[in-house]
Amino acid sequence: MHKFGMVALIGPPNAGKSTLMNQYLGQKVAIVSPRPQTTRNRISGILTNDDAQIVFLDTPGIHQLRGKMNRFLLESAWNALAGSDVVVVLLDAALYAAKPHLMDKELKPLVKPVNESGRPVLIAVNKVDRVKDKPTMLPVMARASELWPEAEFVPISALRGQGTDELLSRVLEKVPEGPPMFPEDQISTAPVRFMAAEIIREKLFYSLRQELPYTTAVEIEVWDEESRKDMVLVNAVIYTAQKNHKGMIIGKQGSNLKKIGTEARKEIAELLDCKVHLELWVKVRSGWTEDPGFLRAMGLGE
Ligand code: GDP
Ligand code: MG
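Rules and cut-offs
- Residues numbered from 1 in each chain as written.
- Chains lettered and ligands numbered in written order.
- Predicted model: local features only at pLDDT ≥ 70, side-chain atom pairs only at ≥ 80, totals over all residues.
- Heavy atoms only, no water.
- Pairing = 2+ DSSP bridges.
- Helix = DSSP H or I, 4+ residues; strand = E, 2+ residues; numbered from the N terminus.
- Right-handed = clockwise from strand over helix to strand, strands pointing away.
- Axes fitted to C-alpha atoms, helices over the stretch in contact; angles between N-to-C directions.
- Polar contact = N/O pair within 3.5 Å; in protein donor to acceptor, adjacent residues only side chain to side chain.
- Buried < 20%, exposed > 50% of the residue type's maximum accessible area, 1.4 Å probe, protein only.

What is the right way to look at the pairing of strand S6 (residues 152-155) in this model?
Looking down a regular strand, the side chains alternate between one sheet face and the other. Note that strand S5 (residues 121-126) and S6 share 4 bridges and pair parallel. Looking across to S6, one finds that Val125 is bridged to Pro155. Running through helix H5 (residues 138-147), the crossover from S5 to the neighbouring parallel element S6 is right-handed.

So this is what it looks like as structure tokens:
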């Protein structure tokens, strides 16, 4: 008997959704960031073993948002929910144990859509490695089981890989029978050039302390596998909505951009398993987060 299923990873920003997916895949498919709201598009990771194939759908964190881009983000999460066989809701247990008042505020937007999805729900109570005083988790569990009465709970640390096997076996119980849909060596349904753009975006975030990520986007302009036999040539543009950010991204004599480029190139080369030549450009495009055409071009709209 072989199983195949789509599993939506849903939760507030920073709950650990991308970390969990990467943990299962044993490599980085989605961006993990200490800053919330890094995952923009829906990113899938494919886990294949002998008798099952699971497609995890990582989603942007759900919270109450305004603006066009944020509406696209929400839509992307709800689409993942609609396309899934099982829903895994991630909670930051360490955060709620310390600040219980945040729990309802952060989880409220999730409750109804998840309950009404009709899908089996698993609650991954995450970051237990950070909870020193375990009894502080009890009110968190109690409140979560009020919010999702039908759900099963699994405490995990997505980062350390604790409880994640248990969570996976619970997921597998709920996934329908079916043949694999993807070759066993495929790790994502996203095209590699999209993944490359995500890698650049990640390096960009880590290189800057300011809250830039929100108004930056990366577009791959050239993806050339033909010109050179031993190398892929990539040109990418980093778009920023604010003029004064351009200088920050580039850095003194280009130092920051160079650093981003070097780190991203290494990782893209690993992903492709071949040499990569990467050129990065920075362009200002004001108001792009409200421009539907541009959002669509960036894969942020339907
Ligand atoms: P997402 O927004 O839900 O995708 O969250 P991320 O996966 O990007 O993680 C947000 C932050 O929480 C990152 O700094 C992660 O390293 C951290 N994190 C995620 N899971 C755990 C965990 O189980 N334990 C600890 N200590 N940190 C975690
Ligand atoms: Mg994420």
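When you look at the sheet that holds strand S8 (residues 231-240) in this model, what are you seeing that I'm missing?
Backbone hydrogen bonds hold the strands of a sheet together, and the pairing may be parallel or antiparallel. Pairing is mixed in the open sheet, where 3 strands are placed in the order S7-S8-S9. The sheet is open, and its two edges are formed by strand S7 (216-224) and strand S9 (275-284), each paired on a single side. The sheet shows a mean angle of 20 degrees between the axes of neighbouring strands, taken without regard to direction. Bridge analysis of S7 against S8 gives 8 bridges, and the strand direction is antiparallel. Across the sheet, Ile220 pairs through a bridge with Ala236, a residue of S8.

Please clarify how the side chain of Lys203 should be interpreted in this entry.
Tracing the chain through its elements places Lys203 in helix H7 (residues 192-207). Among the polar contacts made by the side chain of Lys203, one reaches the side chain of Glu267 at a distance of 2.9 Å.

Help me understand unusual backbone geometry in this model?
For Lys127, which is not glycine, the phi dihedral falls at a positive 65 degrees. Within the secondary structure, Lys127 is located in the loop between S5 and H5. The phi dihedral of Gln253 falls on the positive side, at around 50 degrees, and the residue is not glycine. By secondary structure assignment, the location of Gln253 is in the loop between helix H8 (243-250) and helix H9 (255-272). Exposure remark for Gln253: the relative accessible area of 87% places this residue in the exposed category.

What is the right way to read the environment of Val222 from this model?
Turning to its location among the elements, Val222 is positioned in strand S7. Assessed through its relative accessible area of 33%, Val222 is described here as partly exposed. Linking Val222 and Asn235, residues 13 residues apart in sequence, is a C-alpha distance of 4.8 Å.

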